[in-house]
Amino acid sequence: MNGATAVRGVILYGPPATGKDTVTRALTALDPAFALFSRVKVGPGRSAGYRMGTPEHLEELRASGAVVYENARYDSTYVTDRPGLDEAFASGVPVMHLGQVDGVRAVRDGYPAGWLTVLLWCPREVTEARSADRGDADTPARLSAWDATRADLDANPDFPFDLTIRTDELAPTAAAEQIRQALTEPCGELVMVDFDDTLIDRFAAVTAWLAEYCADNDLGPEVEQRMLEAMRIRADQDVIGRLSAELGLPESPETLWERYSSELPAAVQPFPGVMEALAASRKAGDQVVVVTNGGAQIQHTKLKASGIDNQVDALCISEEVGVRKPDRRIFEAAAAAVGRDLAQGGWMIGDNAELDIVGGRQAGLRTVWISHGRPWPGGAEPDYIVPTAAEAFVHIRGGAR
């Protein structure tokens, strides 16, 4: 990060008795700006460190869309809520405690901020000894939670924590200093990247889906070609509706859209080398944000099906933001999703000359055009022209220094 203007927060993940409370206190001692984020708790037991709520309060949060993440444990429900986060960020650097990878992912993706994710760890026997030493009445339940956390990590082997600390090997003050240093050190590059036909082969997936759909409905090659032409770049409910009316397709526009949006994600695949390139970029300290035009539901489904949602820092989808590329505002939203500002600079990678390259340049970003073997169509050229997204990330690492 170039400067200290971005909003930052810390997520401490780990099983019970790994020292989340102790490390948080050490952070606060280093800098009073660090403060424990108190989640809403609905249920019995320990109240220290929580904002106690009622079932009615919980329902109000759910109904208003204010729940970023919730989970149930120890006969209670724990809620990370948007109003609470707003207040915590306004007053300092919140330190959040979570014990589920899904929770870390939900908070990181669902609440725009420059989150530092920290895995705190210690062996099971250390958790047992610490729980006994502090007089916990529910040590067996905490050991079960340790087992669940181990299983959670095993089920998410590729989740990219920013920092891992063994609290049985490192003193709390030293752990806190590592976290503070990692949080304040300059980050790598801000890398925005298109999704369809940049990271995944959308065209191949659409072609395969159309071939199967037309074969199932005895539609000829002329119909298949017309649908492919119309859906080549963009296929939303409006496009589907127009095709249904124009070609007299056997299904209603609503039914056809439902079929398309539910079946297409299974056919999408990342281009070769994409997953490795994303992992390498983030390992180098870059913050990677997918910036894509499209409907929220189908894009989220494709992102999850391809596995790319777990390999980037944030997602910026036009339907959710309310503007489409090449509008500058979608790039502003993408930067804000990871606590950055366009004034700090960054990159845009994409295959569409107008949406990605012209839009990225107008937003003040350096750009890389994915040619897929095509010649540049003309106009102000991007910083790099490469055949694939995997090569684009290589050029960014070279051109950013």
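None of these values were measured; they are calculated from a predicted model. (Residues numbered from 1 in each chain as written. Predicted model: local features only at pLDDT ≥ 70, side-chain atom pairs only at ≥ 80, totals over all residues. Heavy atoms only, no water.)

A. Focus on the overall build of the protein chain. From N to C terminus, the protein chain includes 17 helices and 15 strands. Taking 21 Å as the expected radius of gyration for a compact globule of 401 residues, we find that the protein chain reaches 24 Å, a close match to that expectation. Across its three principal directions, the C-alpha atoms of the protein chain cover 75 × 50 × 35 Å. For the protein chain, buried positions account for 50% of its 401 residues. Across the protein chain, the fraction of contacts at a sequence separation of at least 24, relative to all contacts at a separation of at least 6, is 67%. (Helix = DSSP H or I, 4+ residues; strand = E, 2+ residues; numbered from the N terminus. Rg over C-alpha atoms; globule rule 2.2 N^0.38 Å. Buried < 20%, exposed > 50% of the residue type's maximum accessible area, 1.4 Å probe, protein only. Contact = heavy atoms within 4.5 Å.)

B. Main features of the packing of aromatic side chains. Across all of its chains, the model carries 11 aromatic pairs by this definition. Judged by centre distance (5.3 Å) and plane angle (50°), the ring pair of Tyr50 and Tyr78 falls under tilted. One end of the pair, Tyr50, is in the loop between strand S3 (40-42) and strand S4 (51-52); the other, Tyr78, is in strand S6 (residues 76-81), with 28 residues separating them in the sequence. The exposure class of Tyr78 is buried, given its relative accessible area of 6%. Taken together, the aromatic side chains of Trp209, Tyr213, Trp257 and Tyr260 make up a single cluster linked through ring pairs. (Phe/Tyr/Trp six-rings, centres within 6.5 Å; stacked < 30°, edge-to-face > 60°.)

C. Structural view of the pattern of salt bridges. Applying the stated criterion across every chain, the model contains 21 salt bridges. We note a salt bridge from Arg259 to Asp216, for which the minimum N-O separation is 2.9 Å. In this pair, Arg259 is assigned in helix H11 (residues 253-263) and Asp216 in helix H8 (residues 202-216), connecting sequence segments 43 residues apart. Under the relative-accessibility criterion, Arg259 is labelled buried at 18%. Using a relative accessible area of 48% as the deciding quantity, one classes Asp216 as partly exposed. Three or more residues joined by partner-sharing salt bridges are found here, namely Glu59, Arg62 and Glu70. (Salt bridge = Lys/Arg side-chain N within 4 Å of Asp/Glu carboxyl O.)

D. How the structure looks around the side chain of Thr80. Its location among the elements puts Thr80 in strand S6. Take Thr80: its relative accessible area is 0%, and that puts it in the buried class. Once residues within four sequence positions are removed from consideration, Thr80 is found in contact with Phe37, Arg39, Ala66, Val67, Val68, Tyr69, Leu85, Met96, Leu98 and Val107.

E. Main features of the sheet that holds S3. Here we have four strands laid out as an open sheet, ordered S4-S3-S6-S5, and mixed in their pairing. Bordering the open sheet on either side are S4 and strand S5 (67-73), each of which pairs with just one other strand. Alignment of S3 against S6, held across three bridges, turns out to be antiparallel. Bridge pairing in S6 links Lys41 to Tyr78. (Pairing = 2+ DSSP bridges.)

F. Local environment of the confidence of the model for the protein chain. Taken residue by residue, the protein chain gives an average pLDDT of 89. The fraction at 70 or more is 96%. Within the model, pLDDT remains below 50 along residues 1-6, and this stretch shows 12 contacts once partners closer than five positions in the same chain are excluded. (pLDDT = per-residue confidence, 0-100.)

G. Highlighting the nonpolar core. Counting residues in hydrophobic clusters, the biggest one holds 47 residues, and the most contacted among them are Met227, Met231, Tyr260, Val290, Ile308 and Ile349. The element contributing the most residues to this core is H8, with six residues. When neighbours within four sequence positions are excluded, Met231 is seen to be in contact with Arg202, Val206, Trp209, Leu210, Val239, Ile240, Leu243 and Tyr260. (Core = buried A, V, L, I, M, F, W, Y, C linked by side-chain atoms within 4.5 Å.)

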